[in-house]
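Summary of structural features
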Amino acid sequence: MADEGLTALPQVGRPKREPRDKPGPLEYMRQWPLRVIVVATLVFLYAPLITLMAFSFNDSRRNIVWQGFTTDWYVKAFNNESLLQAFINSLTIAFFCTIISVILGALAAVMLWRFRFPGKTVVEGSMALPIVVPEICLGVAMLVFFARVMPWPMGLPWPLNLGAITIAHVSFAFPFVATVVRARLSSFNRELEEAAKDLGASEWRTFWDVLVPHMQPGLIAGALLAFTLSLDDFVITFFTAGPDTITFPVKVYSMLRFSVTPEVNAASTVLIVVTVILTAIGLQMQNSQSKEKKA
Amino acid sequence: MTDAPVSSAPSNAPSPKPTPHVKDNAIIRFEGITKRFGKMVAVDNVTLDIREGEFFALLGPSGCGKTTLLRMLAGFESPTEGRILIDGKDVASLPPNKRPVNMVFQSYAVFPHMKVSDNVAYGLKMDGVDGGEIKRRVDEALELVKLGGLGVRMPDQLSGGQRQRVALARALVKRPRVLLLDEPLSALDAKLRDQMRSELTSLQEKVGITFIMVTHDQDEALAIATRCAVMNRGVLTQVASPGDLYEFPNSRFVADFVGSVNMFEGVLEKDEPNEAQVRCPELGAPVYLDHGVTGARGSTVWVALRPEKIEMHKRAEGSTAMKMEDAPAGTNVVPGVIRDIVYLGSETNYEIELEGGRRVKTFRSNLTRYDQEDFTWDEPVWLAWHACSPAVLLS
Amino acid sequence: MEQTWKQAKAAFAAIAVPPIAWLFLFFLVPMAVIWAYSFGENTGPITIDLTGTFANYVRALEPLYLQIFWKSLIVAGITTLLCLIIGFPVALAIAFATPKMKSWLLLLIMLPFWTNLLIRTFALIAVLREQGYVNFALEWLWNNASGFMTLVGLQPLGEYEPLTLLYNNTAVIIGLVYVHLPFMVLPLYSALDRMDRSLMEASLDLGAGHLRTIWSVVVPLAAPGIASGILITFIPALGAYLTPDLLGGTDSQMIANVIERQFKRANDWPFGAALSFLLMYLTFIAIAAQAFIQRKSERRG
C-alpha cells in the first residue's frame, strides 16, 4: 500500500519492534497495574506448588536447600506399602464415586428440569444442601451414621471395605453433578425434541438420540468434578475412614503429623500430575464437543 | 484506492440538499489511518475530512472497517498508523472520556440500573456540572427527544425506540462537538425505522451538531446523510453526496453496493470530449454516451445501468429496430424477451432475457391500476436507455 | 415447559426414586441423627440418651465458645475481603483479555482448585516456615537494603530476624486466601464476562474515568456475581478445618476444629452436634442474606 505519507510521521523514542497499537481502554490485560496484579496472583498460587514439586527431586532429607537431583523419593514412595495402598484406595473410591454420582446427578437433573411434582421446592432445596453444608458437619454426620445407624461391616474384602467412604463421597458429589448437568439442560432447545418426535422417534429414542447427546458436555464436566471432589476430600473421609481404609489425603495428613520427608513431596507430585492430566483430558473432551457443535 | 468519478463531472447534477448549517472547516480529519488486528487489516490508509455541521454516513458491508473507524474516533481503539484530528488537534493521547465526541451505541448501552434521568445526567455529573443546571439540561434533552416526563422510568420499562432516544439524549446533553451513531436504526422494526430516519435528520438540523453515522444500509445512508463515505475491506472507495454516490459511482463496488444495477463488461471503442462508445459482448448493441470517459481506447471498462433507467417497449416479431432520439441508430436499444415478472404493488420488476442469454433487471412504476397488465411472460420487448444514463467504470 | 409427573408416572418414578432415596438415606438421615443428638446427653462412654435437653446449646453460648464462633466469623470475613480485593482486578483483567489469553488464564486459575487441598496446604507450609522461601526472599531483600544503606553511609539494618509466618492467625488467613481465591475469581469473572461491554464504553464516552466507571457501572451490574463470589468464599472459609489445623497455632482454632475435637478426642457427641448445627445455621443466614441481595438487585434491573 502507498504509505509514503505515513513513514514521515513522528515515531519518536519508540522501539522499532513489531509495532503494537496502544491498548484500547478496555484491554485491561494490557495495562501494567493489572498485569502486575495478575502475575503476582499467579506467583502466589503457583510458587508453593512448584517448590513442592521441585523438592521431590531434592537429594536431601530436609526440604530446605537444594542438594542435587534424585528420584530416590519416588522409589521410596512407591515402595511404601501403606502409601501405595492409600493411593490405590483413593483412586478406587473416586472411580466408583464418579460412576454413581454421574448416574444419580443426571437423573436428579432431568427430574428437576423435566417434571412438575408436589414437593418439588423441598426436593430442590434438599438437593442443594450437601453443596452448602460445611464439610465438617457432613463429616461428623457420616461418622455418627456409620457408627450407630448403619455400621459398615468390618473385615470385608477390598474394595468392598471402601463402601462407607464411597457412599459418603457420593452424597456430597452427586448434587454438584446435578447442578452442572441441569445448567447444561437449561440451554436445551425443546424444539429439537419435538422435531425428533415429529420425524417418528419414540419417547425413549428421543431421549437417547437428542437429550443425552445434548447433556454430554455436562456429564463430562460433572464426572470430572465428582472425581476431583472425591480425590480431594479430606475432612469427610477423615471421619469415615477406618484403620484399614486409609485414603491418600488421610495418609499424607498422618505423615505430615509425624515426619515430613520428601517422600510426601514425591507422592503429592504424582497426584498433582494425575489431576493435571485428568483436567487436560476433560477439557479436551469438552473442547472437541463444542467444536463438533459449531461445525 | 480513491478514484475520481469516471463519468462526466456532475455539472448538471441535482443540487444537493440545502444544508445552511454546514461550514467549511474540517471538524474531523483522518490522516492516513491504518488499523491492524494481528495480521488482519481492518482500516487501510484512510484519509478523510468531515466538515462541521454535516450529517456524515460511513457506509459499507459488515466487516469493512467502518465501525472500527468510528471507534477510533471515539477512542475505543487506537490507530496502528496515522493521526486523527478533532478541531485540528491530534487526539491520540486523549482517552475516550476526554474527547469532545459522544456516541450512541448500537445496543444503546443504556445503564439498566439507573433511571432514565440518571442515565442522561451521568455525563454531566462527570463534567462536574452543578445540580440545578443538570436538572435543567436533562429535562431539556428529554424534551428534545420527545421523552418529556419519562425521566423517572427505569430502562426496562421502555420500548426499544424509547431506549434509543435515551441514548441520544444522554449523548446530546453533553453538547459534544461530534455525535457518533453506530448503526442507529438497525435494532428497530421497519415502521419505527422510517420514523426515526426523519427524526434524526430534523434533530440534527435543530441542534446543529456534526453527526457521524455508521450503517450498512444504503437506503438509510442515502435518506439521512448529507455526505457519505463508502468503505470496502478497510479502504475508502468513494466520498460523495447521496445523489452523486447513486448516479456517479466511481467503481463497480459502489455501483453494486448502493442501489440495484445491471453491470456489463465491455471495451472502450471511442472516447471524445463529447461522446463515447463501449462495446459490450453480452448486451448485443453498443452503449453510446453523450460525454467523454477519460479512459484509454481499447481498455476494459464496465457499464453500469440502473434498472429504473431502462425503458421497456413492446416489440412485434419482425418489426424494424426502434431508435433512441439522443443516440445513433443501433446503439442503446436491444431486443429481449420477458422471463420473469414480480409484482410489488407500487411497481413491477421485470427480468428480461437478451439474445445472448444474459438477463437484465428493470422496473416500471404502476402509474394506473391497470399498468401491471401491459406486459406478460415471454413477451418480446425492446430495452432502451438515454445516452446520459449509463455510468462507465474503470475499476 | 415442564410436564406434570402424572403424565408419565413410570418414567418419573424411574428417574426420581434413585436420587431422592439416596439423598434421604445417606444425607438427610445422618443429618437428622446429628440434629437429634444435639438435644441428647452422654449417659455412658458410648450411650447417648435423647432427653430433649437444651444444655448443649446453652454450653455453646459460653464465652469460650462464643469467642471461637466470633473469631471464625472474623477470619472468614477477612479472608473473603482479601479474596475480593485480589480477585476483582484479576477477574477484570481476565474478562477483558484476548480469547486465547483468557482461556489460558482461566486454566491457570482453575488448576490449583483441582489440586488436592491437603497438598496445597502442605506446599504452603514449606514456603512460609522460618526456613522457607518467603523468609529467604525477605532476607535477601533485607541484606541488600542493608548493604545499600552502608553504601550510602547509613547504619546497616543489622541481622535479619526471620518472620514467624506459620502457626499463627496470619498463616491461617494466608492459607484460606490461598485455597479460596479461585472460588472468588470464577464467579466474578463470569459476571464481568457476561456484562455488555458497550455499557462500560458508554460510561467512558460520557466522561467517566476507569475507576469511576468500575464503581458506578461495573460494580452495580456485577453485584449478583460479587455476592455469589463472597458467599462461596465465605461459607467454606467459615467451616474450614484443615487450614487452621495445619497452619494455625494454639490460639487460631476455628469452630470446625472444636467440633472435630468433640467427636474424635473429647467424645462429647451431643455437644459437637450442637456446635455443628450452630455452624450450619450461620451458613444458612449467610445464604439467606445473599439471596436477599440477589432478589433486590434483580428487582432493580
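Residues numbered from 1 in each chain as written. Chains lettered and ligands numbered in written order. Predicted model: local features only at pLDDT ≥ 70, side-chain atom pairs only at ≥ 80, totals over all residues.

1. Looking at the interface of chain C and chain A
With 69 residues of chain C at the contact, the number on the chain A side is 66 residues. Of the residues forming the side of chain C that touches chain A, the biggest block, 17 residues, is contributed by helix 1 (residues 9-37) of chain C. Per-class residue counts for the side of chain C that touches chain A are 55 nonpolar, nine polar and five charged. As paired elements, strand 1 (residues 115-116) of chain A and strand 1 (residues 3-4) of chain C share two bridges and run parallel to each other. Among the inter-strand pairings, A:Phe115 is bridged to a residue of strand 1 of chain C, identified as C:Gln3. (Contact = placed C-beta atoms within 7 Å. Helix = DSSP H or I, 4+ residues; strand = E, 2+ residues; numbered from the N terminus. Nonpolar A, V, L, I, M, F, W, Y, C, P; charged D, E, K, R; others polar. Pairing = 2+ DSSP bridges.)

2. So, the domain arrangement of chain B
For interface size, the figure often reported is the accessible area lost on association. All names here are of chain B. In terms of domain boundaries, chain B breaks down into domain 1 (26-255) and domain 2 (265-393). Summarising the inter-unit geometry, the C-alpha centres of domain 1 and domain 2 are found 40 Å apart. Each partner contributes to the interface: domain 1 provides five residues, whereas domain 2 provides four residues. Among the residues forming the side of domain 1 that touches domain 2, the class breakdown is three nonpolar, one polar and one charged. (Domains from an automatic or database assignment.)

3. Focus on the interface of chain B and chain C
With 18 residues of chain B at the interface, the matching set in chain C holds 17 residues. Secondary structure elements with two or more residues in the side of chain B that touches chain C: strand 6 (101-104) and helix 2 (116-126) of chain B. With three residues, the top contributor of residues to the side of chain B that touches chain C is helix 2 of chain B. Looking at the side of chain B that touches chain C residue by residue, the classes come out as 10 nonpolar, five polar and three charged.

4. Some words on the sheet that holds strand 2 (residues 40-51) of chain B
Residues and elements named next belong to chain B. Spatial ordering of the open sheet is given by 2-1-4-5, a layout of four strands whose pairing is antiparallel. In this open sheet, the two strands that pair with only one neighbour each are strand 2 and strand 5 (89-90). Taken strand by strand, helix 1 (residues 66-74) contacts strand 1 (26-37), strand 2 and strand 4 (81-86), and its axis lies near 115 degrees from that of strand 1. (Axes fitted to C-alpha atoms, helices over the stretch in contact; angles between N-to-C directions.)

5. Quick look at the environment of C:Thr80
All names here are of chain C. Along the chain, Thr 80 turns up in helix 3 (residues 63-95). Look at Thr 80 and you get buried, because 25 C-beta atoms sit within 10 Å. With 36 residues separating them in the primary sequence, Thr 80 and Gly 44 have C-alpha atoms 42 Å apart. With sequence-adjacent residues up to four places away left out, Thr 80 is seen in contact with Ile 230, Thr 233, Phe 234 and Ala 237. (Buried ≥ 20, exposed ≤ 12 C-beta atoms within 10 Å, placed from the backbone.)

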